[in-house]
Structures are given as structure tokens and as C-alpha cells.
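# Overview (structure and organization)
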Amino acid sequence: MNALESRPLRTLVFDDRGDADRSVAREIAELVRAKPTAVLGLATGNTPVGVYAELARMHRDEALDFSGVVTFNLDEYLDLSPGDPRAFRRWMQARFFDHVNVRCENARFPECDAARAPSDPIAGRPIERFADACERYERAIRSAGGIDVLILGIGRNGHIGFNEPGSTRGSRTRIVELEATTRADAAHVFGDLENVPRRAITMGIATILESRAIRAMAFGRIKAPIVSRTLAEPISPALPATFLREHADATLYLDRDAAAEIAR
Ligand code: GLP
């Protein structure tokens, strides 16, 4: 094991998940107050819902102003029809954007530059034809000044964003095939497994690690095995979440259940 592999990830364990949510939300609020044009990286999934709810509360009760904030979502399914209610864009709208004042044009998603005209459908489009859209997303992040803080969840198989096992340290925004466990975890949203998209577009590991700060979260007993592996296994593409240990300002927020299998 080299020095990098033994590097720890700053890990905070909370008795109550709500305290973790509030702690992350408070940090984001402080950033937005200090830098009204802050750039946020956002994740979907069950994990960050409490953070979004708390930020929405702060907008409502404490006039937290997002009008200058720019957001970049981590990932999006491919091959859904435009406006599909299961798309992450719609999910973010319902959970966050409808409740705060982020400007529509400032809420970016990785598929946003991929044309969605009937003459140029996304469904079935070969991977090479997304190269420009992927490159444009990377450029958009850079020209916004880079991501100040990225909120992150961890998949049961160790994915971050949709960077499934096998994703390399240098990977960038690209089209990926989803693993069976990832699709199985999303089956309840799509009615059954067959309806879950097989492809997604995601920021890469390199894109994620360029964020100035990363606040990763994992809650519940179901995340305990992957949390303990993320902290203990060698940093490698076999477990993409281990790359978080290479970041100078990444913190992992856990509840007691998610921390239950961490080796002492
Ligand atoms: C999803 C998303 C990730 C998310 C992860 C964990 O598939 N692509 O961005 O962090 O899986 O999801 P959850 O928070 O629901 O456990």
C-alpha cells in the first residue's frame, strides 16, 4: 500500500441523519452568503433530500438567495423521452428548484446540450454522437469557474455519480452503461427492472475531484458495507468512491447505521 492508498477520508458520524443534513446545508448556506455566485454540484437519490429540504427552508425563512448561484447536476439517465417524470431534471425540480430561486438557465444538467428534437432522438443514439455534449458540459463547468462544493451520494456498488466500478481516475463527462445493482436499485422508480434505462451520462471521476470541496453522504444500514469498503480498500477503479480519499477537502457524512461496519 502506498501513501495515497492509506490516506483517510475525513468522516463525521451523526446520531441523527437530520443533524448531518443540517450541517451540510449550513455549510452551503455560508458559502452562498459569502459568494452569491457560488457554483454547486448536485446529486439526486434519497441521500441528499434532507439537504435540499433544509436549503429550501433557509430560502423561505432566512431569505437565503440563490439568484446568482449556478448548479451542475452530476448525472442523468439517457434514453428517456423529453420531460419524462423519472428524469433527474424533473426530480431536482420537485425536490429543490421549485422551492428556491436558482435561475432556470443556471441549473445545468449533463444532457442539456444534447439536442432533443424529434429529428435527432436520444434513444438509441450511438455513444460517439454524445461526445460534443459531454465536452460542452466539461467546458461549461470550467467557464463557470469550477464547482465550489459538490454534494455526493454513494451507490451500493461504490459508484459516485454514475461512475460504476471500472471508472478510471482520469474519466470525464461521458456516457456509461449502468450496472445490474444500480438498475435494480432504481427499479421501484420505473415500475420494474425492464423499464430502467441502461445508459446514463455522468461527470467523470476527474470532473468530480476537481470540485474545490466535496461533501459525500451515506445513510442507513444498507450503505454500511460500501462505507466500510470505501474507507478501507485500496484506492482503485474497482471501487470509485475510494477516489474521494485523494481529495484534499472531502468529508463523508454518516449516520450511525451507515457507520456500523467501519473497522476500528
Ligand atoms: C444514484 C445516482 C447517484 C446517487 C446514488 C445513490 O443512482 N446516480 O448520484 O448518489 O445512486 O443513491 P441513493 O442516494 O438513493 O442511495
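Note that the coordinates shown come from a computational prediction; the quantities given were computed from them, not determined experimentally. (Residues numbered from 1 in each chain as written. Predicted model: local features only at pLDDT ≥ 70, side-chain atom pairs only at ≥ 80, totals over all residues. Heavy atoms only, no water.)

### Here's the deal with the overall build of the protein
- Helices and strands together make up the secondary structure of the protein, namely seven helices and ten strands.
- Taken against the 2.2 N^0.38 rule, which gives 18 Å for 264 residues, the C-alpha radius of gyration of the protein at 18 Å falls within 12% of a compact globule.
- Dimensions of the protein, computed from C-alpha atoms along their principal axes, come out at roughly 55 × 45 × 35 Å.
- Expressed as a percentage of the 264 residues in the protein, the buried residues total 53%. (Helix = DSSP H or I, 4+ residues; strand = E, 2+ residues; numbered from the N terminus. Rg over C-alpha atoms; globule rule 2.2 N^0.38 Å. Buried < 20%, exposed > 50% of the residue type's maximum accessible area, 1.4 Å probe, protein only.)

### Describing helix H7 (residues 224-232)
- Listed as buried for H7 are Ala-224, Ile-226, Val-227, Ser-228 and Thr-230.
- Contact partners of the buried residues in H7: strand E9 (213-218) and strand E10 (250-255). (Contact = heavy atoms within 4.5 Å.)

### Structural notes on the pattern of salt bridges
- Applying the stated criterion to the full structure yields 23 salt bridges.
- A salt bridge links Arg-60 to Asp-61, with the nearest nitrogen and oxygen atoms 3.1 Å apart.
- In this structure, a network of salt bridges that share partners links the residues Arg-33, Glu-54, Arg-57, Arg-60, Asp-61 and Glu-62. (Salt bridge = Lys/Arg side-chain N within 4 Å of Asp/Glu carboxyl O.)

### Some thoughts on the site of the ligand
- The immediate surroundings of the ligand are formed by Thr-44, Gly-45, Asn-46, Thr-47, Asp-75, Gly-153, Ile-154, His-159, Gly-161, Phe-162 and Lys-223.
- Here an oxygen atom of the ligand and a side-chain polar atom of His-159 are 2.9 Å apart.
- Considered on its own, the ligand offers 390 Å² of accessible surface; in the complex 85% of this is hidden by protein.
- Among the residues making up the shell around the ligand, the classes are represented as two nonpolar, seven polar and two charged. (Near = heavy atom within 4 Å. Polar contact = N/O pair within 3.5 Å; in protein donor to acceptor, adjacent residues only side chain to side chain. Areas by Shrake-Rupley, 256 points an atom, 1.4 Å probe, with all protein chains shown as cover. Nonpolar A, V, L, I, M, F, W, Y, C, P; charged D, E, K, R; others polar.)

### Quick word on the nonpolar core
- With 33 residues, the main nonpolar core has Phe-72, Leu-152, Ile-160, Met-203, Ile-208 and Ile-214 as its most contacted residues.
- Breaking this core down by element, the ones donating at least two residues are strand E3 (70-73), helix H4 (131-143), strand E6 (149-153), helix H6 (205-209), E9, H7 and E10.
- Each residue touching Ile-214, except ones within four places of it in the same chain, is listed here: Leu-150, Leu-152, Ile-208, Leu-209, Leu-244, His-247, Asp-249, Ala-250 and Thr-251.
- Core analysis: the next-biggest nonpolar cluster, separate from the first, contains 32 residues, Leu-40, Leu-42, Val-100 and Phe-109 among them. (Core = buried A, V, L, I, M, F, W, Y, C linked by side-chain atoms within 4.5 Å.)

### Considerations on the packing of helix H1 (residues 17-34) against helix H2 (residues 49-62)
- Look at H1 against H2: their axes get within 8 Å of each other, and the N-to-C directions meet at 50 degrees. Regarding the angle of H1 to H2, the classification is oblique. Where H1 crosses over H2, the two elements pack in a sense that is right-handed. Seen from H1, the contacting residues are Arg-17, Asp-21, Arg-22, Val-24, Ala-25, Arg-26, Ile-28, Ala-29 and Arg-33; seen from H2, they are Val-49, Gly-50, Val-51, Glu-54, Leu-55, Met-58 and Glu-62. (Axes fitted to C-alpha atoms, helices over the stretch in contact; angles between N-to-C directions. Parallel < 35°, antiparallel > 145°, perpendicular 65-115°, else oblique. Left-handed = near helix turned anticlockwise from the far one by under 90°.)

### Re the confidence of the model for the protein
- Looking at the protein as a whole, its pLDDT mean stands at 92, while 91% of the residues score no less than 70.
- pLDDT under 50 marks residues 1-5. Its contacts with residues more than four places away, or in other chains, come to six contacts. (pLDDT = per-residue confidence, 0-100.)

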